[in-house]
Amino acid sequence: MKVLGIESSCDETGIALYDSEQGLLAHELYSQIALHAEYGGVVPELASRDHIRKTLPLIESVLKQAKCARHEIDAVAYTAGPGLMGALLVGASIGRSIAWALGVPALGVNHMEGHLLSPLLEENPPVFPFLSLLVSGGHTLLIDVQSVGQYAILGESIDDAVGEAFDKTAKLLGLAYPGGPAIAALAEQGEAGRFIFPKPMTNRPGLDFSFSGLKTFAMNAWMDSDKTQQDKADIALAFETAAVETLALKCKRALKQSGRNRLVVAGGVSANKSLRIRLDTLHGVETFYPRQEFCSDNGAMIAFAGCMRLAEMGEVQSDTSFSAQPRWSLASLSPP
Ligand code: KG4
Ligand code: ZN
C-alpha cells in the first residue's frame, strides 16, 4: 500500500510517499524558517499561506522522485492536529480533496503519534512495548507505549515544553530562531561549571516537567554577567546541561517505574547531540532515535503513521467532510 503523507501543522511543509512493502519511497521538506525569522517565531497566518503555496508542488515532486503515477496512490494521510488551526486545515483540505478525487481513503494523523513512531522508520527499529520521550517545540511527554494507539502518559510539562524553553532562552540571548540548534551550537564553545542552573522538579517524586523557570534563570545569569560572547556560550551550555540532565533523570525514573528497557526518543529536541550522548549512558537501556532530518517535522513520519494505522483498519470510509484539532492528546487515541 502506497500512502501519501502531508505534514503542515506548523512551519514546515513535509510531503512523503511510504510503501508498506518497500518502505519510504521519497520525501520532501520545505522549511519556513526564513519566512518567520524576522518575527522571532512562527506567524500563523503567514504559515498557512505558505503551506498553500508549497503543498501541491512538493507532492508533484515527491511523486516524480518515486516514479509513482497519481492513480498508484492507495491512501492519503495528513496531520489533523495538534498544531496551528489554519496550517492544519491546509493539509487537511488538500489531503481530503486528493483522496476524494482519486477515490482512495484519507486519514487524519496525530502529529505527536507521527513523532512517536518516527524511529520505526530506521533500520533496527524498536519493538513494542517501549518508553517514549517526546520532546518538541510544543510538547514534553513521557509515554508508556504498549503498541500503536496504546499510549499511557506518565509525565508531561506543566508549563513550557523543552523545545519552547530552548527557543525562548535563545531569544533572550539574542540568538537566531529556532533556538534549539542555536543554543546547542553556542554551547559547544561554553566552559562547564561557570554557571550552575537548577534541574526543575527533580528533587521531588513524579514524572512531570517544568521548564519555564530555566529561561528566567538564564535571563538573570545574563543580566548579572559582563555580557561577553564567552558569558553567552557558558550560559547556553549551563542551560542545555540542566535541560538534558532533567530529561535524563526523569527518563531513568520512568524506565524504572514502567519496567521498560527500551527508550525511544523523538521530536525536534531529539536532534540534540548532548541529549543523545547522555541518554546513551543510561545503564541497561537500549536507545532509539529518528535520523537527524526526521527529528523535526516531516512528511515521512505522517505517511508512516498513517500507513501503520490504515494497514490495520481494513476498508476506510472517506466522506467529504473534514476537521482539524489544534489540541489533540495522545492519550485519547485508540489502536487502529
Ligand atoms: O518537532 P519539532 O520540529 O516541532 C514541533 O512539533 O514542535 O520541534 C521543534 C523544536 C524547536 O523548539 C527547536 O528549537 C527544537 O525542536 N530543536 C532543538 C534542536 N533542534 C531543534 N532543541 C535542542 N537542540 C537541537 N539540536
Ligand atoms: Zn513536531
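A short tour of the structure in this document, coming up. It should be emphasised that the depicted structure is a prediction, and the values quoted were computed from it without experimental measurement.

### With respect to helix H3 (residues 85-102)
Point 1. Taking 1.5 Å of rise per residue, 18 residues should cover 26 Å, and H3 covers 26 Å from first to last C-alpha, within 8% of that figure.
Point 2. Restricting attention to buried positions, one finds in H3 the residues Ala87, Leu88, Val90, Gly91, Ala92, Ile94, Gly95, Arg96, Ile98 and Ala99.
Point 3. Residues of H3 that are buried in the fold lie against strand S1 (2-7), helix H2 (44-65), strand S4 (75-81) and strand S5 (106-110).
Point 4. Looking one or two places after H3, you find glycine 103, whose phi comes out positive at around 70°.

### So, the sheet that holds S4
Point 1. Pairing within the open sheet is mixed, and its five strands lie in the order S3-S2-S1-S4-S5. Strands at the two margins of the open sheet, each flanked by one partner only, are strand S3 (23-31) and S5. Ignoring strand direction, the axes of neighbouring strands in this sheet form an average angle of 20°.
Point 2. When S4 meets S5, the two strands line up parallel, connected through five bridges. Counted as the bridge partner of threonine 79 is valine 109 from S5.
Point 3. Its contacts with the sheet put H2 on S1, strand S2 (12-19) and S3, and the angle it makes with S2 is roughly 25°.
Point 4. On top of the sheet, helix H10 (residues 299-313) reaches S1, S2, S3, S4 and S5; it is set at about 135° to S1, its chief contact.

### Brief notes about the nonpolar core
Point 1. Ranked by internal contacts, the top residues of the largest apolar core, which has 57 residues, are Ile59, Leu116, Leu134, Ile143, Tyr151 and Leu330.
Point 2. Counting only domains with at least three residues in this core, you end up with domain 1 (2-117 + 295-332) and domain 2 (128-289).
Point 3. Look past the residues within four positions of isoleucine 143 in its chain and what remains in contact with it is Leu116, Phe130, Leu131, Ser132, Leu134, Tyr151, Ala152, Ile153, Leu154 and Leu330.
Point 4. Residues Leu207, Ala218, Phe239 and Ala243 belong to the second largest nonpolar core, which totals 43 residues.

### Concerning the packing of helix H7 (residues 212-224) against helix H8 (residues 229-258)
Point 1. Packing of H7 against H8 leaves a shortest axis separation of 10 Å and a crossing angle of 160°. In terms of orientation, H7 lies roughly antiparallel with respect to H8. Crossing geometry of H7 relative to H8 is assigned as right-handed. Packed against H7, whose contacting residues are Leu214, Ala218, Ala221 and Trp222, the element H8 presents Asp231, Lys232, Ile235, Phe239, Ala242 and Ala243 at the interface.
Point 2. Looking at the contact of H7 with H8 residue by residue, the class counts come to eight nonpolar, no polar and two charged.

### What to know about the coordination of the zinc ion (ligand 2)
Note on metal sites: the ideal angle is 109.5 degrees for four tetrahedral donors, and 90 or 180 degrees for six octahedral donors.
Point 1. Only His111 (NE2), His115 (NE2) and Asp297 (OD) from the protein reach the zinc ion (ligand 2) as donors, at distances of 2.0 to 2.1 Å.
Point 2. Sequence spacing of the donor residues for the zinc ion (ligand 2), all on one chain, is H-x3-H-x181-D. Here histidine 111 pairs with histidine 115, and both are found in helix H4 (residues 111-117), just four residues apart, close to one helical turn.
Point 3. Judged by relative accessible area, which is 1%, histidine 115 ranks as buried.

### Focus on the packing of aromatic side chains
Point 1. All chains considered together, the criterion is met by five aromatic pairs.
Point 2. Between phenylalanine 166 and phenylalanine 239, the ring centres sit 4.9 Å apart and the planes meet at 85°, which makes this aromatic pair edge-to-face. Separated by 73 residues along the polypeptide, phenylalanine 166 in helix H5 (residues 162-172) and phenylalanine 239 in helix H8 bring together distant segments of the chain. Taken as a pair, phenylalanine 166 and phenylalanine 239 share a single burial class, namely buried.
Point 3. Stacked on the ring of tyrosine 30, the Lys or Arg lysine 54 has its end atom at 4.2 Å from the ring centre.
Point 4. Residue placement shows lysine 250 over the ring face of phenylalanine 209; its charged tip is 5.5 Å from the ring centre.

### Some remarks on the site of ligand 1
Point 1. For ligand 1, the set of nearby residues contains 19 residues, the closest of which are Gly137, Asp167, Gly180, Gly268 and Asn272.
Point 2. Histidine 111 places a polar side-chain atom, nitrogen or oxygen, 3.2 Å from an oxygen atom of ligand 1.
Point 3. The contact in question runs from an oxygen atom of ligand 1 to an N or O atom on the backbone of glycine 137, over 2.8 Å.
Point 4. Surface burial for ligand 1 is 86%, taken as the share of its 550 Å² of free accessible area covered by protein chains.
Point 5. Every element with two or more residues in the shell around ligand 1 is listed here: H4, H5 and helix H6 (179-187).
Point 6. Class assignment for the residues of the shell around ligand 1 results in five nonpolar, 12 polar and two charged.
Point 7. Here the shell around ligand 1 spans two domains, since at least three of its residues come from each of domain 1 (2-117 + 295-332) and domain 2 (128-289).

The rules behind the values
- Residues numbered from 1 in each chain as written.
- Chains lettered and ligands numbered in written order.
- Predicted model: local features only at pLDDT ≥ 70, side-chain atom pairs only at ≥ 80, totals over all residues.
- Heavy atoms only, no water.
- Helix = DSSP H or I, 4+ residues; strand = E, 2+ residues; numbered from the N terminus.
- Expected span 1.5 Å × (residues − 1).
- Buried < 20%, exposed > 50% of the residue type's maximum accessible area, 1.4 Å probe, protein only.
- Contact = heavy atoms within 4.5 Å.
- Pairing = 2+ DSSP bridges.
- Axes fitted to C-alpha atoms, helices over the stretch in contact; angles between N-to-C directions.
- Core = buried A, V, L, I, M, F, W, Y, C linked by side-chain atoms within 4.5 Å.
- Domains from an automatic or database assignment.
- Parallel < 35°, antiparallel > 145°, perpendicular 65-115°, else oblique.
- Left-handed = near helix turned anticlockwise from the far one by under 90°.
- Nonpolar A, V, L, I, M, F, W, Y, C, P; charged D, E, K, R; others polar.
- Donors = N, O, S within 2.8 Å, 3.2 Å for Na, K, Ca; no water.
- Phe/Tyr/Trp six-rings, centres within 6.5 Å; stacked < 30°, edge-to-face > 60°.
- Lys NZ or Arg CZ within 6 Å of the ring centre and 35° of its normal.
- Near = heavy atom within 4 Å.
- Polar contact = N/O pair within 3.5 Å; in protein donor to acceptor, adjacent residues only side chain to side chain.
- Areas by Shrake-Rupley, 256 points an atom, 1.4 Å probe, with all protein chains shown as cover.

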